[in-house]
Amino acid sequence: MSGIGAVVRKELTIYFATPIFYLVGFCFLLLGGYFFYANLLYYSLLSFQGAQNPQLAALLTPQQMVFRPLFGTLAIVFLFLVPLITMRLLAEEKRSGTAELLFTYPLTDGAIILGKFLAALLVYLLLLAITVIYPLSLAPITRLDWGALASGYLGLILLGGACLALGLFASSLTENQIIAAVLAFAFLLLFWLIGWQQELGAAGWGGLFAALSLLEHFENLARGVVDTRDVVFYLSFIYFFLFLTQRQLESRRWRA
Amino acid sequence: MALRDRLFTRTVVYGGGSAAAVALVLAILVVINLLAGRYPGRLDLTQGKSQSLTAVTLALLKDVDKPLTLTAFFPEGQGDRQRAREVLQNFAYANSQVSFSFVDPDRQPHKAREAGFRFPGNVLLEYDGRRQMADRADEEALAEALRRLLRPQQKKVYFLTGHGERSIEDPKREGLLTAKRALENEGFLVAELNLLKEGKIPPDASVLVIAGPAKSLFPQEIAVLKEFLGKGGRLLAMLEPFQDAGLKDFMAGYGVELNDGLVLDHNQVSQALGASVVMPIAVKYGPHRITRDFTNVVTLFPLARPLGLRRDLPGAAGLPLALSTQTSWEKIGREVLKKEDWDFNPQKDRQGPFNLAVLVELKPPERKDEAAEAQEKAAPKEKKAEGKTAYLAVFGDVDFATNGYFNLSMNGDLFLNTVNFLAEEEKQILIRRDEKKPQPLSLTSWQIYGLFFLTLIFIPGAMLVAGVAAYVRRRARR
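Every value quoted in this text rests on a predicted model; they were computed, and no experiment measured them. (Residues numbered from 1 in each chain as written. Chains lettered and ligands numbered in written order. Predicted model: local features only at pLDDT ≥ 70, side-chain atom pairs only at ≥ 80, totals over all residues. Heavy atoms only, no water.)

### Points about the overall build of chain B
Helix and strand counts for chain B come out as 16 helices and 19 strands. What you see for chain B is a C-alpha radius of gyration of 32 Å, clearly larger than the 23 Å of a compact globule of 478 residues, by over 25%. Looking at the 478 residues of chain B, the share that counts as buried comes to 47%. Counting contacts in chain B only where the partners sit at least 6 residues apart, residues at least 24 apart contribute 72% of the total. A total of about 24700 Å² of accessible surface is found on chain B, and carbon and sulfur atoms cover 55% of it. The averaged location of the 58 negative side-chain charges in chain B is 10 Å from the averaged location of its 65 positive side-chain charges. (Helix = DSSP H or I, 4+ residues; strand = E, 2+ residues; numbered from the N terminus. Rg over C-alpha atoms; globule rule 2.2 N^0.38 Å. Buried < 20%, exposed > 50% of the residue type's maximum accessible area, 1.4 Å probe, protein only. Contact = heavy atoms within 4.5 Å. Areas by Shrake-Rupley, 256 points an atom, 1.4 Å probe, with all protein chains shown as cover. Lys, Arg positive; Asp, Glu negative; His and termini not counted. Charge placed at Lys NZ, Arg CZ, Asp CG, Glu CD.)

### A short note on the overall build of chain A
The number of helices and strands found in chain A is 14 helices and 1 strand. A globule of 256 residues ought to have a C-alpha radius of gyration of about 18 Å, and chain A, at 20 Å, matches this closely. Its C-alpha atoms give chain A principal-axis dimensions of about 70 × 45 × 30 Å. Here the contacts in chain A between residues at least 6 apart in sequence split such that 73% fall between residues at least 24 apart. With the model as given, the accessible surface of chain A reaches about 10400 Å², and the carbon-plus-sulfur share is 72%. Looking at charge distribution, chain A has the averaged site of its 14 positive side-chain charges lying 5 Å from that of its 13 negative ones.

### Observations concerning the confidence of the model for chain B
Predicted coordinates in regions of low pLDDT should not be interpreted in detail. All names here are of chain B. When pLDDT is averaged across chain B, the result is 85; 91% of the residues are at 70 or more. Across residues 378-385 the pLDDT falls below 50, and counting only partners more than four positions away or on other chains, this stretch makes 2 contacts in the model. Two numbers describe this predicted complex: its pTM, 0.71, and its ipTM, 0.87. (pLDDT = per-residue confidence, 0-100.)

### A word on the interface of chain A and chain B
Taken together, the contact pairs 66 residues of chain A with 57 residues of chain B. Surface buried jointly by chain A and chain B totals about 5400 Å² across both partners, of which 64% is contributed by carbon and sulfur atoms. On the chain A side of the contact with chain B, A:Y37, A:R223 and A:W254 bury the most area, a combined 13% of that side's loss. For the pair chain A and chain B, the number of links is 1 salt bridge. Residues A:R68 and B:E86 are paired through a salt bridge, measuring 2.3 Å at the closest nitrogen-oxygen approach. The tally of links between chain A and chain B comes to 11 residue pairs in polar contact (both at pLDDT 80 or more). For the side of chain A that touches chain B, the element with the most residues is helix α2 (residues 19-50) of chain A, which contributes 17 residues. In this structure, strand β1 (residues 225-227) of chain A lies alongside strand β1 (residues 42-44) of chain B, joined through 3 bridges in antiparallel fashion. (Buried area = accessible area lost by both parts, 1.4 Å probe. Salt bridge = Lys/Arg side-chain N within 4 Å of Asp/Glu carboxyl O. Polar contact = N/O pair within 3.5 Å; in protein donor to acceptor, adjacent residues only side chain to side chain. Pairing = 2+ DSSP bridges.)

### A word on the nonpolar core
Across soluble globular proteins, nonpolar side chains show a tendency to be buried alongside one another. A:F67 and A:L214 are the most contacted members of the largest nonpolar core, which totals 87 residues. Counting residues per element, this core draws most heavily on helix α4 (residues 62-86) of chain A, at 13 residues. Apart from the residues lying within four places of it in its own chain, the contact partners of A:F67 are A:F36, A:P62, A:Y134, A:P135, A:L138, A:L144 and A:L149. Residues B:I290, B:F301, B:L416 and B:V419 belong to the second largest nonpolar core, which totals 43 residues. (Core = buried A, V, L, I, M, F, W, Y, C linked by side-chain atoms within 4.5 Å.)

### Looking at the confidence of the model for chain A
With 91% of its residues at a pLDDT of at least 70, chain A reaches an overall mean of 86. Mean pLDDT values for the elements of chain A range from 60 in helix α3 (residues 54-57) of chain A up to 94 in helix α9 (residues 146-172) of chain A.

### A closer look at the pattern of salt bridges
Close approach of charged atoms lets side chains of opposite charge pair. By the definition in use, this model includes 26 salt bridges over all chains. The salt bridge involving B:D138 is made with B:R136; its shortest N-O contact spans 2.4 Å. One salt bridge connects B:D349 with B:K331, and the closest N-O pair in it is separated by 2.9 Å. Here the residue B:D349 occupies a position in the loop between α12 (335-339) and β17 (350-351), and B:K331 occupies one in strand β16 (residues 329-332), the gap between them amounting to 18 residues. Each of the two residues, B:D349 as well as B:K331, counts as buried. Beyond isolated ion pairs, a larger network of salt bridges with shared partners links A:K10, A:E11, A:R88, A:E93 and A:K116.

So this is what it looks like as structure tokens:
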């Protein structure tokens, strides 16, 4: 699997040279900052009213009032932005004809895919790392639950990885970036909302749909509980879509 | 092209192989996820394990060895539903026999009616052919309902009345309503008992509590108490300073000495807790099952009296449960409260530590006279019941268990552990978690401005500036 580093470097150079990364980053951080700030004000408001209310008391912590809803919102914001990060990865190579060049390098398909995936993941991790400023800015003011925060970030990383793998697969299906983005968005939304079937009472199948839902598996991690089932699901999801992408790339060799 | 050739074109062969590979990988991943579902692992990273069940509930769930189904009645889309789901998931995770489901009472009214649904949030527990409804879908209510299911016979705790004792229905600071509710959540039935009216202690009394009487008990009542202990009864007495309730001789008979003192204390720990000089604290505990888990924990005893302990009495083995600190001292006489002369006087005052709570184990007398032997032969079962070890727990304070102090530090745990021990509820003697401490946040206007600037202006702005810089650099290179 040599050459992954080279692919990662090349992709990162492109990310940081084009406006997409900065635009995505700006939107992500603006929305993240807004929701963090709004949650914080709401928490402070409720603190005045609710310190005596025992029903509310259990919820009146920074984790429950600020970070748990924030993680949920960041995940949704990211759902909208993933297609923008991944749409270019393979579609652009095909459209501009550099794909042929890339495939003639002494690189395996696996290395190319893994390199591109890791580059997108690094970009995402960079954005996520910037949001660590939120808890750090609160740390001098109030006591934070660092364990739960770590679990929430682990959840965002796994969820992000799953979304990026799906986006990369969508990008491998077409040579048009717009189509790649639309496909990625549609797939993501489907896997996001599929769990609602259970709420609507789809008897029998509800459990299966919930098991496939990206959102359903995120809940535990956002509230500070690391469950092996959720971690295994995300890792399987990532592996499966990277594997599908590899099959899709290989198919150029035998498709008529 | 012949059909055979068409079937074996390159596309079909490779495409089929690829599809088979995808199907195989998918199948393997499904199996891995099913295995992960069957052998789950779970790590609660939150502070104080706030997303997990308490030790009390976990101990309770250990006894569930047949399928237990939980049916929660929630209308769809209700906000509390998610929180209820998390609690139910915790139950299901703790014991594989537990399963849960949600029923919308509007969509399935027949199911709801059949289950005795009353209001949204009800949870029906079904176990071993029995059923029990929990009012709310939170851990306390579910554990309480489960306890009733597992143990249909509830033990009874009586609180003595008629002498100005603290009331178990009083919601004010000095009342015992919190203690009563906590006992009910531990599965006890709690009732009041007026000995003058009843004349005897009911046979179903697991524990009798005397909580801070303001007047003395009558001699016939004390005789009833003696008889109760003689038959292996369990008595918890919480006595205020300067009020013996006529129990001085009674207590002395079991090796507990009551004097007219008040414990005062002034040290760094109590100062840090905001306790005043009349609020001695205990940081040292006796070597007993009740206080086994009490390491590095503090209990507060506002206005407490010290208790003497004589250890030379045959048949009565006493030991201290909670001790005041080395820095505490004792003032004798009721006048001290009026004069508010708290300072330590080496000539007159005694230096601590003192016993703030003691436990006396009373071995049944081994009578071997003929009459007893004859009785034993006639009714061996009754004899066995009479041969039960009696326990007398005495606290030199009642305020520690009142509404105002019950949830402070470990006070509630000390009280509950003592009652659970006296009632022989071994499994419930542990430290309960205090998770529902609100953490209110008040921001100064400067902090609000600062956070606004940092999160909404500076961070996104920096990203925008970096973007513009990258764009300009790129244009310059062209």
